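# A look at the structure
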Amino acid sequence: MDKGTSLRSRLALKNPLCLSLDVAEPTRGLDLLRTVGRLSGMVKAGPVPFLSWGERLLRDAEKWGIPLFLDLKWHDIPNTVHDTIAHLPSPAIRMITIHALGGPSMIRAARRACEAMGADRPALIAVTALTHLTTEELGEIGLPSRETAVRHLGSMALEAGADGLVLSPRELPLARSLWGIEPYLVTPGIRLKDSAIAGDDQTNADTPKAALRKGADLLVVGRPVLQAPNPGDRLDAILREIGTP
Ligand code: C5P
């Protein structure tokens, strides 16, 4: 059995939707976790919810058995990243992110800390180039293009021990052609045909169905659900669209 297959069966998510709980207000966040989060395969928390109501988020995720994706995108010296992961505050945390730009020694240290947790360790996912970066900005960093950044940083991160990568839907075909089925691919930039987001900052967005067809394992969905008049109904509609009851 390849590593990717065993990671997928170890995570055993009930569906490939990950609700991005980008909510600062604890009462609303906990309500969404309890209602929409419980219908989702996974729930993602970034720094905003984690710093404002992280303790309650962890407590309730544990109580309701909701797998958490802690998206804090660590990028630090290997020792600090290792110790951060070694002290993760809850077994509900099943997925974490690091920046590939931290380099191979940082990624290897992160992987060692994950391995030390045993069979139920969290999945280690690397970010290559953040989606807001334009070609011009990538050039200022010293990266000639998004495709080069994904290719180069992605290969390095997977070789150093990342289980998978965060990629936009547009990058999925390239990723599957380069690295095959093994890496676990997490994809934000999910949009529904009939619901526009005001001031949308997602570039290269795609529908849930198209992203899965292109090879995504996990679809990270935030505003299309959070801004819906009824977030639970919206999540149900997405699950129906992808054929998951
Ligand atoms: O756009 P949406 O609200 O669905 O975003 C869900 C997640 O996608 C966010 O929490 C963020 O991690 C990620 N995102 C991204 N690029 C953007 C905007 C958001 O990768 N430009």
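See above for the structure.
Computed from a predicted model, the values in this text were never measured in an experiment. (Residues numbered from 1 in each chain as written. Predicted model: local features only at pLDDT ≥ 70, side-chain atom pairs only at ≥ 80, totals over all residues. Heavy atoms only, no water.)

Turning our eyes to something else, we now look at the overall build of the protein. When you go through the protein residue by residue, the secondary structure sums to 11 helices and 8 strands. Here the C-alpha radius of gyration of the protein, 17 Å, is about what a compact globule of 245 residues would show, namely 18 Å. Along the first, second and third principal axes, the C-alpha set of the protein runs to 45 × 35 × 35 Å. Residue burial in the protein is summarised as follows: out of 245 residues, 53% are buried. Considering only contacts in the protein between residues 6 or more positions apart, those separated by 24 or more positions represent 71%. (Helix = DSSP H or I, 4+ residues; strand = E, 2+ residues; numbered from the N terminus. Rg over C-alpha atoms; globule rule 2.2 N^0.38 Å. Buried < 20%, exposed > 50% of the residue type's maximum accessible area, 1.4 Å probe, protein only. Contact = heavy atoms within 4.5 Å.)

Next up on the list: the site of the ligand. Within the structure, the ligand sits among 14 residues, and Ser20, Thr131, Arg191, Gly222 and Arg223 are positioned closest to it. Asp22 has a polar side-chain atom sitting 2.9 Å from an oxygen atom of the ligand. Backbone polar atom of Gly222 to an oxygen atom of the ligand: 2.9 Å apart, as the coordinates give it. In isolation the ligand has 460 Å² of accessible area, and contact with the protein removes 82% of it. For the shell around the ligand, the secondary-structure elements that each account for two or more residues are strand S8 (218–221) and helix H10 (223–226). Looking at side-chain class alone, the shell around the ligand contains 4 nonpolar, 4 polar and 6 charged residues. (Near = heavy atom within 4 Å. Polar contact = N/O pair within 3.5 Å; in protein donor to acceptor, adjacent residues only side chain to side chain. Areas by Shrake-Rupley, 256 points an atom, 1.4 Å probe, with all protein chains shown as cover. Nonpolar A, V, L, I, M, F, W, Y, C, P; charged D, E, K, R; others polar.)

Bringing the pairing of strand S7 (residues 184–187) into the picture now. Burial along S7 is two-sided: Tyr184 and Val186 and Leu185 and Thr187, pointing in opposite directions, are all buried. Where strand S6 (residues 164–166) lies against S7, 3 bridges are found, and the strand directions are parallel. Of the residues in S7, the one forming a bridge with Leu165 is Leu185. For the crossover that starts at S6, traverses helix H8 (residues 172–179) and ends in the parallel S7, the hand is right-handed. Note that the unit made of S7, helix H9 (residues 208–213) and S8 has a crossover that is right-handed. (Pairing = 2+ DSSP bridges. Right-handed = clockwise from strand over helix to strand, strands pointing away.)

This part covers the pairing of S8. Of the two faces of S8, the one carrying Leu218 and Val220 and the one carrying Leu219 and Val221 are both buried. Of the strand pairs in this sheet, strand S1 (residues 17–20) and S8 are connected by 3 bridges, and their pairing is parallel. By the bridge assignment, Leu17 is partnered in S8 with Leu219. Strand direction decides the pairing type here: S7 and S8, joined by 2 bridges, are parallel. Considered in S8, the bridge of Thr187 is made with Leu219.

With that out of the way, let us pick up the nonpolar core. Counting residues in each nonpolar core, the largest one holds 63 residues, and the members touching the most others are Leu17, Leu21, Trp74, Ile85, Ile96, Ile98 and Leu165. If you tally residues by element for this core, the top one is helix H7 (residues 146–160), at 6 residues. Residues Leu11, Phe69, Val166 and Tyr184 belong to the second largest nonpolar core, which totals 14 residues. (Core = buried A, V, L, I, M, F, W, Y, C linked by side-chain atoms within 4.5 Å.)

Let's shift gears to the pattern of salt bridges. Under the defined criterion, the tally for this structure stands at 17 salt bridges. Here Asp60 makes a salt bridge to Lys63, at a shortest N to O gap of 3.9 Å. Placement of the pair is Asp60 and Lys63 together in helix H3 (residues 47–64), with a separation of 3 residues, close to one helical turn. For Asp60, a relative accessible area of 5% gives the class buried. (Salt bridge = Lys/Arg side-chain N within 4 Å of Asp/Glu carboxyl O.)

All right, on to the side chain of Thr187 then. Mapped onto the elements of the fold, Thr187 is located in strand S7. Note on Thr187: relative accessible area 0%, which makes it buried. Setting aside chain neighbours within four positions, we find Thr187 in contact with Leu167, Ser168, Pro169, Leu172, Ala216, Leu218, Leu219 and Val220.

Before going further, it helps to examine the packing of H7 against H8. At a closest axis distance of 11 Å, the pairing of H7 and H8 adopts a crossing angle of 45°. With respect to each other, H7 and H8 are oriented oblique. Every pair of crossing elements has a handedness; the one defined by H7 and H8 is right-handed. Contacts from Glu147, Val150, Arg151, Gly154, Ser155 and Leu158 in H7 reach Leu174, Leu178 and Trp179 in H8. Of the residues in the contact of H7 with H8, the class split is 5 nonpolar, 2 polar and 2 charged. (Axes fitted to C-alpha atoms, helices over the stretch in contact; angles between N-to-C directions. Parallel < 35°, antiparallel > 145°, perpendicular 65-115°, else oblique. Left-handed = near helix turned anticlockwise from the far one by under 90°.)

The next point concerns the sheet that holds S8. Taken together, the 8 strands give a closed barrel; going around it, the order is S1-S2-S3-S4-S5-S6-S7-S8, and neighbouring strands pair in parallel fashion. Strand after strand, the sheet turns through a mean of 25° between neighbouring axes, direction not considered.

Taken by themselves, the reported measurements are silent on function.
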